[in-house]
Amino acid sequence: MEKVIGENWSLDSLYAGGKESSELNGLISQLKHDMKGLQKIIQTFDQFYSEQDLIDLFRQIQEFKHASRELDEFLVCLYAVNVDDPDVSKLVDESANLQADYESLKIDLDEILAGISEARWKNLMNHDEVKEYQFYLEERRHKMDDKLPIEMEKMINKLSVNGFIGWEDYYEQMMGALRFPVEKDGKQEEISFGQAGRYLFSSDRSVRQNIARNIVEVCEDRAESFATVLNRINGFRLDVYKQRGWDNVLKEAMEENRINEQTVQTMVSAINDKREVAHTFFNRKAQVMELEKLAWYDMETPSFTSDKKISYQETAEIIITQFYKFSDKLGKFAEKAFHEGWIEAEDRKGKTHGGFCAFMPLKKESRIFLTFTGSYQDVVTIAHELGHAYHNYILQDEPAFTQEISTSVAETASTFAENLVLDAAIEHAPSEEDKLSLLEMKILNGLKYQVVVPSMFEFEQKLYERRKKGPLTANEISNLMEGMIKKIYGDALDEDNKYLWMTIPHFFHTDLAFYNIPYTIGYLFSNGIYAMAKEQGKQFPEQYDALLQNSGKVTVEDLASRFLNKDIGEKEFWEASLEPTIVAINEYMKLTEKMI
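Presented here is a report on the structure given in the accompanying data block. (Residues numbered from 1 in each chain as written. Predicted model: local features only at pLDDT ≥ 70, side-chain atom pairs only at ≥ 80, totals over all residues. Heavy atoms only, no water.)

**Focus: the environment of K442**
No. 1: Topologically, K442 is positioned in helix α19 (residues 432–467).
No. 2: With residues up to four places along the chain from it excluded, the contact list for K442 reads N419, L422, D423, I426, P580 and A584. (Helix = DSSP H or I, 4+ residues; strand = E, 2+ residues; numbered from the N terminus. Contact = heavy atoms within 4.5 Å.)

**Observations concerning a negative patch on the surface**
No. 1: On the surface, D567, E570, E572, E575 and E579 cluster together into a negatively charged patch.
No. 2: Inspection of the secondary structure assignment puts E579 in helix α24 (residues 571–592).
No. 3: Its relative accessible area of 33% is what places E579 among the partly exposed residues. (Patch = residues over 30% accessible without salt bridge, like charges linked within 9 Å, V, L, I, M, F, W, Y side chains within 5 Å. Areas by Shrake-Rupley, 256 points an atom, 1.4 Å probe, with all protein chains shown as cover. Salt bridge = Lys/Arg side-chain N within 4 Å of Asp/Glu carboxyl O. Lys, Arg positive; Asp, Glu negative; His and termini not counted. Charge placed at Lys NZ, Arg CZ, Asp CG, Glu CD. Buried < 20%, exposed > 50% of the residue type's maximum accessible area, 1.4 Å probe, protein only.)

**With respect to the sheet that holds strand β5 (residues 356–360)**
No. 1: What the 3 strands build is an open sheet, ordered β4-β6-β5; its pairing is mixed. Looking along the sheet, the strands with just one partner apiece sit at the ends: β4 (343–344) and β5.
No. 2: Note that β4 and strand β6 (residues 365–369) share 2 bridges and pair parallel. When the bridges of β6 are listed, E344 appears paired with F369. (Pairing = 2+ DSSP bridges.)

**Remarks on the nonpolar core**
Nonpolar side chains tend to gather and get buried jointly when the protein is soluble and globular.
No. 1: Counting residues in each nonpolar core, the largest one holds 147 residues, and the members touching the most others are F323, F338, I343, L386, W501 and F525.
No. 2: Residue contributions to this core peak at 15 residues, all from α19.
No. 3: Listed in part, the 48 residues of the second largest apolar core include M35, L54, I55 and M360. (Core = buried A, V, L, I, M, F, W, Y, C linked by side-chain atoms within 4.5 Å.)

**Side note on the pairing of β6**
No. 1: Taking burial as the measure, the 5 residues of β6 include 5 buried ones, the bulk of the element.
No. 2: Neither face of β6 is open: one carries E365, R367 and F369, the other S366 and I368, and all of them are buried.
No. 3: Examined bridge by bridge, β5 and β6 share 5 bridges and lie antiparallel to one another. Across the sheet, the residue bridging to C357 is I368, located in β6.
No. 4: Between β5 and β6, which follow one another and run antiparallel, lie 4 residues, and K364 among them has a positive phi close to 60 degrees.

**Overview of the pairing of strand β2 (residues 187–191)**
No. 1: Strand direction decides the pairing type here: strand β1 (residues 180–184) and β2, joined by 5 bridges, are antiparallel. What sits directly across from F180, in β2, is I191.
No. 2: From the end of β1 to the start of β2, which pair antiparallel, there are 2 residues, and D185 there has a positive phi angle of about 55 degrees.

**Describing the packing of helix α2 (residues 51–80) against helix α3 (residues 86–114)**
Geometry of a packed helix pair, given as the angle between the helix axes and the separation of the axes.
No. 1: Running from amino to carboxyl end, α2 crosses α3 at an angle of 155 degrees, the nearest separation of the two axes being 10 Å. Compared by their axis directions, α2 and α3 come out roughly antiparallel. Judged by the twist between their axes, the crossing of α2 over α3 is left-handed. (Axes fitted to C-alpha atoms, helices over the stretch in contact; angles between N-to-C directions. Parallel < 35°, antiparallel > 145°, perpendicular 65-115°, else oblique. Left-handed = near helix turned anticlockwise from the far one by under 90°.)

**Points about unusual backbone geometry**
No. 1: Of note, the phi angle at R258 is positive, near 55 degrees, even though the residue is not glycine.
No. 2: Relative to the elements of secondary structure, R258 occurs in the loop between α11 (251–256) and α12 (261–273).
No. 3: When its relative accessible area of 8% is taken as the criterion, R258 is described as buried.

In structure tokens, the structure reads:
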């Protein structure tokens, strides 16, 4: 008899006893001790250090990096299933303090790297151990050339806590305090934005319409306050860039994502060339839903739904089967994850929302979290997170420095795994209704990255250019957003939400500007790889694994050139990456022709 696959993960196999684990508490104590030691070493480092001293320092920092990530990711897992436990929250705070200390330590490390003479630097880079993470060190050293003197950078870092970051914290408080009126069981009550979001996905259009109009009304009332916060965040960033002598607002975002700005502009140009295909889909969707035009609250609502429920056992079988079709290595990996309790999927109270993949680099295992309800979207979500876990697996023996990958390639394996499963489901759908439901899932996901996110990227660029001249009013920001929405949906839309900018937290993030566009880069980069995999068949998996293994060692352009033999500075690559969504739209159009 086939072994039943459980819906709960095993955290005890990592740290027995969870928050009470002596091993976990020992890890925290060790990290605190190691951080003090590292701070002392860094503070006393002088010109008399040897190359071996530096290599030993790199080794110790990487050991700390691995261990602190292990703690942080394990606690994310622990918190996800114990959201109301104050003891877990306390441990999360301890981990956050250690992470903050590590970020400060990196600034001191950068100062040491910047102070090394060219001759010594060349010798250091020729050391066998250092060659493994040479790209990371050279990247950090290069960034120091473009920044202010270290004490000024530290000062900016310090002042940002109560300035820059303080405004982001205030945004979170403001969003948390927003309340929207809704009628429930014949009574009027007020709900949070998170709760309101669930109403926006109702199958009843009148329910969606009522909450959507309430959201717009409340946002309009508070728009000036949110505009003030956004102006301050953008203004602080622009002031820092000006002090550093940076004219280009995209400089930091491109460097952080290890990609050339011209490559991104080429990608955006390819996207804009195909924008009309999305308008065609939205117009057809309106017809299928028997609407003259769509409203903004109809966009994520599927025009076709499938009643088919899939068991967790079936889910495991589908994913494992499709992964094996790509490679034995990927298939065996999925089997291990399902059979050894790596996935928390049970639908029960007391869990946080959403889904994620956490990696424990010391234990060399990942854990995946979601709430499984039996929909095909859940199947795709598990495949997506298993893709992340496989990427972790491929990187697990790499140095800690080269396990640090940019967002632009972090979605490579996850989107690839998602495509493997979703395309198979579409091909083998038991009915036309099921097929249309799956096609629309693929289309909406594709258009999010191929149309919506690039438009938000354009909005943000315009926002920064305008902000250079002074603060914008809420109305000016909203008019910019309204222009972008019209660009996204063309003439298919008759009711929009020009206050959408208020509810997109990415615009208010302080860790990195233009936080949206890396997801489009990653999505399309993965689509391009997937197209090659289908062309090349069984000879491709080894090439794919090599690409993942080197994803923290080179730029995105070099990754494509070395492991795919592709020039992503050319439109051709991005045009091929757009095709899967376009093909799905064409199939949707063909199947729905007779319905209108």
